[in-house]
Amino acid sequence: MKALTAELSKLISLPFFWVACAAGLIVPNVIAIITSLSGSPGASIDTGFSELSVGALGAIVLGGIAIGSEYVTEGEDSAGGQQITTSLIAIPSRIRLLMAKIGSIAISTLILSIIAISSVLITFLLLNGPEVLTINADLFVRIIGVIVYWIFLALFSFSLTVLTRDAIIPISVMVINSSGIAVTYLLTQVNPLATYLPDMAGQKMFTRSVDTGMELAPIAGGAIMGAWVLVLIIIAGITFLRRDVG
């Protein structure tokens, strides 16, 4: 518990943590406002949820910086060392350190996603009225799906950063794919089997109108994405345990 608390405190103290939070809250709300003012959001079954798919870039950044910051070379006062050395002195067990980081990412992403979902849905309600959203069991299933999707993306970003020891490349690739050129979506248009890629499968948990050429139930989509994340975490963990520090 002390290790988890320490990692949460360390994560919150990072400047980019607040950048990630701002991105996760501002981006989907801006898109929601633009959608409301320029179109008819009530006409889409994915009203509010497609915006949250893009807003997940905040979770991606959060997951990457949680471990990427450990490999940034510090100033002259620390003889050009890296934070990871200090972290392993404080928490000698590498497994315990990784688990504490995973826990801190999951908790912070959980909170961020809940706030983001609430703010986006409130934005749509204020701009379009209560008829824009249908309150039923499916709505709550999709809300849970968004939360799980954000947490999985954060852990995916975390694992890739553990492997590369640099957050820039994993974050850049994942952010571009989530908010710009959606390469994985384009792949589904070429081969429907690309629906089984982690982000495409994960989006099936909360989107209903994205045509990938293959149908997946929300639970199946979540299970597939979860399997991808679990395998990557295991690979990242084994790599972290076996290689030299720094």
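This report concerns the structure included in the present document. Remember, predicted model here, so these are calculated numbers, not experimental data. (Residues numbered from 1 in each chain as written. Predicted model: local features only at pLDDT ≥ 70, side-chain atom pairs only at ≥ 80, totals over all residues. Heavy atoms only, no water.)

**Some remarks on the nonpolar core**
Membership of the largest hydrophobic core comes to 58 residues, with the highest contact counts inside it found for Leu 52, Tyr 149 and Trp 150. Per-element accounting of this core gives the leading share, 14 residues, to helix 7 (residues 137-164). If we skip the residues at most four places from it in the chain, Trp 150 touches Gly 24, Leu 52, Gly 55, Ala 56, Ala 59, Thr 109, Leu 112, Ser 113 and Ala 116. (Core = buried A, V, L, I, M, F, W, Y, C linked by side-chain atoms within 4.5 Å. Buried < 20%, exposed > 50% of the residue type's maximum accessible area, 1.4 Å probe, protein only. Helix = DSSP H or I, 4+ residues; strand = E, 2+ residues; numbered from the N terminus. Contact = heavy atoms within 4.5 Å.)

**Quick word on a nonpolar patch on the surface**
Where nonpolar side chains cluster on the molecular surface, the patch consists of Ile 33, Leu 37, Ile 122, Leu 126 and Leu 127 and spans about 530 Å² of accessible area. If you list the elements that add at least two residues to the nonpolar patch, you get helix 2 (15-38) and helix 6 (94-128). By residue number, the principal contributor to the nonpolar patch is helix 6, which donates three residues. The residue Ile 122 is located in helix 6 in this model. (Patch = residues over 30% accessible without salt bridge, like charges linked within 9 Å, V, L, I, M, F, W, Y side chains within 5 Å. Areas by Shrake-Rupley, 256 points an atom, 1.4 Å probe, with all protein chains shown as cover. Salt bridge = Lys/Arg side-chain N within 4 Å of Asp/Glu carboxyl O.)

**A short note on the environment of Arg 242**
By the element assignment, Arg 242 lies in helix 11 (residues 218-242). Of the residues examined, Arg 242 reaches a relative accessible area of 73% and is grouped as exposed. It is 18 Å that separates the C-alpha atoms of Arg 242 and Lys 101, two residues lying 141 residues apart in sequence.

**Describing the packing of aromatic side chains**
Scanning the entire structure with this criterion turns up two aromatic pairs. With centroids separated by 4.9 Å and ring planes inclined at 90 degrees, the aromatic side chains of Phe 17 and Trp 18 adopt a geometry described as edge-to-face. On the basis of relative accessible area, Phe 17 is assigned to the buried category, the value being 6%. A cation sits over an aromatic face here: Arg 94 above Phe 240, 5.5 Å from the ring centre. (Phe/Tyr/Trp six-rings, centres within 6.5 Å; stacked < 30°, edge-to-face > 60°. Lys NZ or Arg CZ within 6 Å of the ring centre and 35° of its normal.)

**Things to note about helix 4 (residues 57-68)**
The end-to-end C-alpha distance of helix 4, which contains 12 residues, comes to 16 Å, matching closely the 16 Å that a straight helix rising 1.5 Å per residue would cover. Burial analysis of helix 4 places 12 of its 12 residues in the buried class, which makes it a mostly covered element. Those residues of helix 4 that sit buried are Leu 57, Gly 58, Ala 59, Ile 60, Val 61, Leu 62, Gly 63, Gly 64, Ile 65, Ala 66, Ile 67 and Gly 68. Each element contacted by the buried residues of helix 4 is listed here: helix 1 (2-13), helix 2, helix 3 (49-55), helix 6, helix 7 and helix 8 (168-179). (Expected span 1.5 Å × (residues − 1).)

**Digging into helix 11**
The first and last C-alpha atoms of helix 11 sit 36 Å apart over 25 residues, in line with the 36 Å expected at 1.5 Å per residue. Regarding helix 11, the residues found buried are Gly 221, Gly 222, Ile 224, Met 225, Gly 226, Val 229, Leu 232, Ala 236, Gly 237 and Phe 240. Buried residues in helix 11 make contact with helix 5 (83-90), helix 6, helix 7 and helix 10 (198-203).

**Structural notes on the packing of helix 1 against helix 6**
Helix 6 packs onto helix 1 with a crossing angle of 55 degrees between their chain directions and a minimal axis gap of 8 Å. On the basis of the axis angle, helix 1 is oblique to helix 6. Crossing angle aside, the handedness with which helix 1 passes helix 6 is right-handed. Packed against helix 1, whose contacting residues are Ala 3, Leu 4, Glu 7, Leu 8, Lys 10 and Leu 11, the element helix 6 presents Arg 96, Leu 97, Ala 100, Lys 101, Gly 103, Ser 104, Ile 107 and Ser 108 at the interface. Across the contact of helix 1 with helix 6, the residue classes break down as seven nonpolar, three polar and four charged. (Axes fitted to C-alpha atoms, helices over the stretch in contact; angles between N-to-C directions. Parallel < 35°, antiparallel > 145°, perpendicular 65-115°, else oblique. Left-handed = near helix turned anticlockwise from the far one by under 90°. Nonpolar A, V, L, I, M, F, W, Y, C, P; charged D, E, K, R; others polar.)

**Quick notes on the pattern of salt bridges**
Inspection of the entire model under this criterion finds seven salt bridges. When the shortest N-O distance is used, the salt bridge between Lys 101 and Glu 7 registers 2.7 Å. Residue Lys 101 is located in helix 6, and its partner Glu 7 is located in helix 1; the two are separated by 94 residues in the primary sequence. Summarising the burial analysis for this pair, Lys 101 and Glu 7 share the class buried. A salt bridge links Arg 142 to Asp 138; the shortest N-O distance between them is 3.8 Å. Of this pair, Arg 142 and Asp 138 both sit in helix 7, four residues apart, which is roughly one turn of that helix. Note on Arg 142: relative accessible area 5%, which makes it buried. Classification of Asp 138 by relative accessible area gives partly exposed; the value is 31%. Each of the salt bridges in this network shares a partner with another, and the network as a whole consists of Glu 7, Lys 10, Glu 70 and Lys 101.

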